[in-house]
Structure formats: structure tokens, C-alpha cells
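# Close look at the chain arrangement
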Amino acid sequence: MYPNKIYFMKTTRSLCVLFILFSTVLFISSCKKDATSRLTVYLTDAPADYDAVNIEVVGIQVKASSDPGEGGWITMPMAVSPVVYNLLEFTNGMETLLSTFELPSGKISQLRLILGDNNSIVVNGVSSALPLEVPSGSESGLKFNIHADLIAGVEYKLWIDFDMARSVVENGAGGYILKPVLRTFSEATSGAIKGVVSPLAANATVQAINGIDIISAIPDPVTGEFLIRGVPPGPWSVLIDGNNGYIDKTINNVIVTTGEVADIGSITLSQ
């Protein structure tokens, strides 16, 4: 009887030890998982009056460090690289996914977009090369300061917004060059403005203005709807710029709140 009792006690003690070890492993694994955050980067575009603007994206990197030097850069995975995008497909709230990646929680300070040389523009149905003219643009890339805190277990979404109207410059010889003008924004620090413009014959453009910045959109050619994303919080004026003889209209004191969409409703222009 006693040997069986001793054996039972030893077995119970061993099972307890195994249970503690197993629980510890699960706890450590959970801690490691919770100590990471997901960074997701999208590409979008402010509108421009061209048929197409194609750019080649070679890579994207994030700096998970506050080091002012060149250390701490991490290359983010892309599904295809290099890849050519027609930026005019990503206007009026449209976007495309560039990369998504798990990073250690903590601070990120910069983002770097690396462009290639396979860029082109289509104007009035005619395609021509669009040379990239940015110092080190195809070598060290285009850098953005973001200075964000990645919280464990939380996804941080970031958009790179090309302003094509200012990024494409005529070279004086009938050609064009690409001098990228970009901005970044996140859901955590911005809101949006939406509305509907009519009639479609007005061929209107929409500008959100706050005295410091101007963010543009072109209403959908079928529905007249527009969406301006990445708008910093605060009061804005929205200018509906009509064409074809239609009179402009301005909506003042549109209040933008972080994480929300300010709806200015239906705007009708008159001649």
C-alpha cells in the first residue's frame, strides 16, 4: 500500500511540475505575441488631369528606431516587387495595399519609399516616359517623418498620398518629369470629409482648405460623390470649384474630428 501511495504522490508532483512548465511556456509565448504590432501601409493619390500616371515602386522600409543615423531600417515585404501602379486608379478615397508587417511594439520614426525608373504618363491618349528627378530617389528613397507609437496587439494603418497635380512637372520641351510631392496620414491622427456634388456637367473639383494646407478630390463621374481622407482635425473650408459656366460654392467651418467622417451632404452648383 505504501509504495503505491509514494508512487501516486510522485506522479502527482511530476504532473504539477509539467503543468507549471506548460503554463509558463504559454505565458511567455503570449507575451511575445502581444509585444508586436502590425504596420500596414497603403498607397493613395490626389487627383490630376491626366489619363494615367504610372510609377514603379521598388521597395518600402520603416525605421523602428529614433537613431538619427542610417541604422534601424527594416525592409517591409511586398507581394510583388518591383511593381508599376497607375496612381490615378487610387483617387477619391481609393487605395492599394503596399505592405503589412509585424513589428516589435514601440516607436517608429520614418518611412522610406523607393521608386524605380520605369515611370510613364499618358496625356490625351499619348504615352511617354516620366523621368524621376529626385535626389537619391531611386537609391536611398523618399523619406517621411512619422514618429508613431506602435501599441502591442494594435494595427497601425498608414497611407502614402501622392499629389499628382504637383508631382508631375512640364520640362519646357513638351515632356514631363516626376518630382514627387507626397504626404502621409493615419487613422489615428486624421478624419475625412465627404459629400455629393451635382450636376455632373459642372465637372467640379473639391478642395479642403484650412489656411495652411489644401487637400483635393474629384467627384465620381457617375455619382458625384467625393471623399477626402487624411484630413487633420479642426475647422476647414470646402471649396466646390465649378467648370463649364457653373459658379463655385464654399462651405465654411466644416469641423473634422479624428477617426470620423464629416458629411457636408449634397451640394448643387448653379450657372
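Here is a short report on the structure shown in this document. (Residues numbered from 1 in each chain as written. Predicted model: local features only at pLDDT ≥ 70, side-chain atom pairs only at ≥ 80, totals over all residues. Heavy atoms only, no water.)

## Describing the sheet that holds strand 18 (residues 234-241)
- The strand order across the open sheet built from 4 strands is 16-15-18-19, with neighbouring strands paired in antiparallel fashion. Two strands in the sheet have a free side with no partner beyond their single neighbour: strand 16 (214-217) and strand 19 (249-256). Strand-to-strand twist across the sheet, computed as the mean angle between neighbouring axes with direction ignored, equals 25 degrees.
- Bridging between strand 15 (residues 205-209) and strand 16 involves 4 bridges; their strand directions are antiparallel. Counterpart to Ala208 in the pairing with strand 16 is Ile215. (Pairing = 2+ DSSP bridges. Helix = DSSP H or I, 4+ residues; strand = E, 2+ residues; numbered from the N terminus. Axes fitted to C-alpha atoms, helices over the stretch in contact; angles between N-to-C directions.)

## Observations regarding the side chain of Asp161
- Position of Asp161 among the secondary structure elements: in strand 10 (residues 155-163).
- Only 3.2 Å separates the side chain of Asp161 from the backbone nitrogen of Ala46, close enough to count as a polar contact.
- Beyond its immediate chain neighbours, meaning those up to four positions away, Asp161 contacts Thr44, Asp45, Ala46, Val181, Leu182, Arg183 and Phe185. (Polar contact = N/O pair within 3.5 Å; in protein donor to acceptor, adjacent residues only side chain to side chain. Contact = heavy atoms within 4.5 Å.)

## Points about the environment of Val254
- Position of Val254 among the secondary structure elements: in strand 19.
- For the pair formed by Val254 and Val238, sequence separation is 16 residues and the distance between their alpha carbons is 7.3 Å.
- Aside from chain neighbours lying at most four places away, what touches Val254 is Ile193, Gly234, Pro235, Trp236, Val238, Ala262 and Ile264.

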